[in-house]
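Structure assessment
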Amino acid sequence: MEPVAWAAHRYLMHGPLWRLHRAHHQPGREGPQLNDLFGLLFASVAITLFVLGAAPGAEPLWWAGAGVTAYGAVYALVHDGLIHGRFGLRPLAARGPMRRIVQAHRLHHARATKEGCVAFGLLWPGDVKAMARKLRKSR
Ligand SMILES: [Zn+2]
Ligand SMILES: [Zn+2]
């Protein structure tokens, strides 16, 4: 799911659906955001997979729905809860086992623009130092 989420973030949220994602890149925004609609979008994909997967012989679709649901739950906990401090949770500091994930997502939020962002993945952030260099170079 991580590559699918990366591609959706890079090419849909920072592409034709930027209007919905933009508020998430504006600092100090609390409470519900238009960006939360993406959670509903991915939930509807999971529900569709569960419905289609209920047919005889289509069990792989049901398991794909379970995978989308599990990834969505982890994404909401890590991204919204532990990084952005929603759901009443305190944001994590950029240290410990989650350090690279937190650092990479902070780099993603270093820009409030559709273009020029780095770190579109969440749980598998990649080379944080290389992303920081890329961000510095593009300034
Ligand atoms: Zn973004
Ligand atoms: Zn974020």
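These remarks concern the structure in this document. (Residues numbered from 1 in each chain as written. Chains lettered and ligands numbered in written order. Predicted model: local features only at pLDDT ≥ 70, side-chain atom pairs only at ≥ 80, totals over all residues.)

A separate point is helix α5 (residues 99-108). Those residues of α5 not exposed but buried are Ile-101, Val-102, Ala-104, His-105 and His-108. Buried residues of α5, viewed axially, fall in a sector of 165°; they line one side. On its buried side, α5 packs onto α4 (59-83) and α6 (128-137). (Buried ≥ 20, exposed ≤ 12 C-beta atoms within 10 Å, placed from the backbone. Helix = DSSP H or I, 4+ residues; strand = E, 2+ residues; numbered from the N terminus. Arc of directions from axis to C-beta. Contact = placed C-beta atoms within 7 Å.)

Our focus in this paragraph is unusual backbone geometry. In this model, Phe-87 sits at a positive phi of 60°, which is unusual for a non-glycine residue. Assessed through the 10 C-beta atoms surrounding it within 10 Å, Phe-87 is described here as exposed.

For the rest of this paragraph, the subject is helix α1 (residues 2-13). Along α1, the positions that sit buried rather than exposed are Ala-5, His-9 and Met-13. Angular distribution of buried residues about the axis of α1 spans 40°; they occupy a single face of the element. More than 90 degrees from the buried face of α1, the exposed residues found are Pro-3, Ala-7 and Tyr-11. Buried residues in α1 make contact with α2 (18-21), α3 (37-53) and α4.

In short, the description is geometric, and any link to function would need to be established separately.
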